[in-house]
Amino acid sequence: MSSGIAELRDSGIMIQLAYQAMQKMDLDVATIAKRLGITPELISDRHARTPHAAQTLFWQVLEDVSQDSDIGLHLGEHLPVYQGQVLQYLFLSSPTFGDGLSRSLNYQRLLSDASQSSMEEAGDQVYIRVGTATDLTSSLRHLSECMVLGLIQFFQYVTDGAFVASHIHFSHPAPGSDQEHQRIYQCPVTFAQKEVRIYFDRRLLAQPSSHAEPELLQLHEKLASEHVAKLERRDIVSGVYKVFGEILETGEVSLDAVAARLAIKPRTLRTRLSEADTNFNQLLANYRCNLAKRLLARTDESIDEIVYLTGFSEPSTFYRAFKRWTQQTPVEYRNQRQQR
């Protein structure tokens with residue numbers, strides 16, 4: 001993998017639904033939000049994407065504050081149904097549950113960059129393999145149990161209650177007691193399996209959708225495709241920023257050097273940045289500007305050191321660029337910010 005691969009991120013709707021569930025459970029939401037850095041802006045931003053790696057801290061904090069060893073199960077039990085998103089519309093406008101499921105799996109990245117779920121048939125049963133590009137699903141019991149319950153509740157919603165899980169596999173070890181699992185999932189649950197699976201009767205694939213509409217289906221699939229394309233355009237920008245962070249101090253920051261790090265041709269990089277409505281020089285200036293402002297405001301690094309860290313060859317060049325970016329000299333900016 002290239003060093004410029006973008007960080008895996010989850011749809012903000014996941015933390016927003018979890019936030020609502022925490023409120024329903026009367027958990028100490030203020031403490032949880034403070035420890036996790038959850039802001040009102042994040043809760044209200046329908047387009048937010050959060051780092052997938054943050055799932056580890058999220059579940060650690062939630063178990064610590066709630067003192068609930070089955071917090072994943074119980075949070076999932078209180079999750080609002082996933083609604084108001086393009087995947088929901090894609091499901092409902094498809095002719096059958098099976099068709100909606102197949103189509104949605106093509107766009108699962110809308111839920112998470114890490115999602116790698118798939119559908120397999122096994123005799124008279126079908127199972128959904130709930131997989132990710134990382135080992136978090138298998139290593140985080142609470143995440144796995146909450147995710148499976150959220151999916152089951154969503155499937156019940158889009159099938160008007162017809163969906164029933166027949167068996168569930170988890171890859172984590174069995175807890176001390178599985179009574180809560182049996183109560184909540186209402187089907188056999190097996191632990192320490194090779195992967196997370198949700199089994200159901202294959203006849204459910206033919207379950208017709210009461211909201212099926214061919215014209216709307218085309219529109220929703222087009223919207224889903226456009227959303228994924230937008231995420232892919234963000235990928236290239238995130239990848240370029242990551243490479244900047246790795247090579248900026250060398251002073252050898254060029255489109256050719258970044259393209260080599262990303263293992264793509266310079267012309268391809270230029271084209272993909274253009275598709276993302278930006279260009280290499282603009283991204284480099286933005287990155288340098290934000291890094292310089294952060295170093296000036298939050299550290300005591302000397303100006304000479306900041307010149308080096310931001311990849312400029314001479315202080316005079318840095319001073320001119322910074323004045324152009326902020327209409328202030330670096331010293332004026334530092335004095336103003338550090339007096340606050």
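Computed from a predicted model, the values in this text were never measured in an experiment.

Caption draft 1: Focus on the overall build of the protein. A tally of helices and strands in the protein yields 17 helices and seven strands. Projected onto its principal axes, the C-alpha coordinates of the protein cover approximately 70 × 45 × 35 Å. Here the analysis covers contacts within the protein between residues at least 6 apart in sequence; of these, 69% occur between residues at least 24 apart. Measuring between centres, the 35 positive side-chain charges of the protein sit 7 Å from its 41 negative side-chain charges.

Caption draft 2: Molecular detail of empty space enclosed by the protein. Considering all chains together, one arrives at one cavity of 30 Å³ or more under this definition. There is about 50 Å³ of room inside the largest cavity. Around the largest cavity, the lining residues are Phe 91, Leu 92, Thr 96, Phe 97, Val 158, Thr 159, Gln 207, Pro 208 and Ser 209.

Caption draft 3: The packing of aromatic side chains, seen in detail. Within this structure, the stated rule accounts for 24 aromatic pairs. With a centroid separation of 5.9 Å and 40° between ring planes, the pair formed by Phe 318 and Phe 322 is classed as tilted. Of this pair, Phe 318 and Phe 322 both sit in helix α16 (residues 315-326), separated by four residues, roughly a single helical turn. The exposure class of Phe 318 is buried, given its relative accessible area of 0%. Relative accessible area serves as the criterion here: at 0%, Phe 322 is assigned to the buried category. Following the ring pairs from residue to residue traces out a cluster consisting of Tyr 82, Phe 91, Phe 97, Phe 154, Phe 155, Phe 163 and Phe 200. Sitting over the face of the ring of Tyr 127, Arg 197 holds its NZ or CZ atom 4.0 Å from the ring centroid. It is Arg 288 that lies over the ring of Phe 312; its NZ or CZ is 4.3 Å from the centre.

Caption draft 4: Main features of the pairing of strand β4 (residues 125-129). Burial analysis of β4 places four of its five residues in the buried class, the great majority of the element. The loop that links strand β3 (residues 118-122) with its antiparallel partner β4 comprises two residues; one of these, Gly 123, has a positive phi angle of about 65°.

Caption draft 5: Quick peek at the pairing of β3. In terms of strand pairing, β3 meets β4 through five bridges, oriented antiparallel. Counted as the bridge partner of Ala 122 is Gln 125 from β4.

Caption draft 6: Expanded view of the pattern of salt bridges. In the structure shown here, the tally under the stated rule is 15 salt bridges. The salt bridge partner of Asp 113 is Arg 109, with a shortest N-O separation of 2.6 Å. Grouping residues by exposure puts Asp 113 and Arg 109 together as buried. Among the ionic pairs, Arg 141 bridges to Glu 145, the shortest N-O distance being 3.0 Å. Residue Arg 141 and its partner Glu 145 are both found in helix α9 (residues 141-158); the two are separated by four residues, about one turn of the helix. Exposure remark for Glu 145: the relative accessible area of 0% places this residue in the buried category. Linked through salt bridges whose partners overlap, the residues forming this network are Arg 49, Arg 109, Asp 113 and Asp 235.

Caption draft 7: Highlighting the sheet that holds strand β7 (residues 197-201). Spatial strand order, β3-β4-β7-β5-β6: five strands in an open sheet with mixed pairing. Strands at the two margins of the open sheet, each flanked by one partner only, are β3 and β6 (189-190). Both strand β5 (residues 165-169) and β7 contribute to a ladder of four bridges, which runs antiparallel. Looking across to β7, one finds that His 169 is bridged to Arg 197. Here helix α7 (residues 97-105) sits on the sheet in contact with β3, β4 and β7, set at roughly 140° to β3.

Caption draft 8: Representation of the nonpolar core within the structure. With 63 residues, the main nonpolar core has Trp 59, Leu 62, Leu 75, Phe 163, Tyr 185 and Phe 200 as its most contacted residues. Core analysis: the second largest hydrophobic core is formed by 31 residues, Val 243, Phe 244, Leu 248 and Phe 312 among them.

Caption draft 9: Geometry of the side chain of Ser 118. Along the polypeptide, Ser 118 turns up in strand β3. Non-local contacts of Ser 118, meaning those with residues more than four positions away in its chain, are made with Leu 105, Tyr 127, Ile 128 and Arg 129.

Caption draft 10: The arrangement of the packing of helix α4 (residues 55-66) against α9 in detail. Where α4 contacts α9, the axes come no closer than 9 Å and their chain directions differ by 95°. If you check the angle between α4 and α9, you find them roughly perpendicular. Facing α4, whose interface residues are Gln 55, Trp 59 and Glu 63, α9 presents His 142, Leu 143 and Cys 146.

Conventions used here
- Residues numbered from 1 in each chain as written.
- Predicted model: local features only at pLDDT ≥ 70, side-chain atom pairs only at ≥ 80, totals over all residues.
- Heavy atoms only, no water.
- Helix = DSSP H or I, 4+ residues; strand = E, 2+ residues; numbered from the N terminus.
- Contact = heavy atoms within 4.5 Å.
- Lys, Arg positive; Asp, Glu negative; His and termini not counted.
- Charge placed at Lys NZ, Arg CZ, Asp CG, Glu CD.
- 1 Å grid on protein atoms, 1.4 Å probe; cavity = no way out; pocket = protein on both sides within 12 Å on 5 of 7 lines; lining within 4 Å.
- Points joined across faces, edges and corners; volume = space filled by probe spheres on them.
- Phe/Tyr/Trp six-rings, centres within 6.5 Å; stacked < 30°, edge-to-face > 60°.
- Buried < 20%, exposed > 50% of the residue type's maximum accessible area, 1.4 Å probe, protein only.
- Lys NZ or Arg CZ within 6 Å of the ring centre and 35° of its normal.
- Pairing = 2+ DSSP bridges.
- Salt bridge = Lys/Arg side-chain N within 4 Å of Asp/Glu carboxyl O.
- Axes fitted to C-alpha atoms, helices over the stretch in contact; angles between N-to-C directions.
- Core = buried A, V, L, I, M, F, W, Y, C linked by side-chain atoms within 4.5 Å.
- Parallel < 35°, antiparallel > 145°, perpendicular 65-115°, else oblique.

As far as function goes, none of this settles anything; it's purely spatial.
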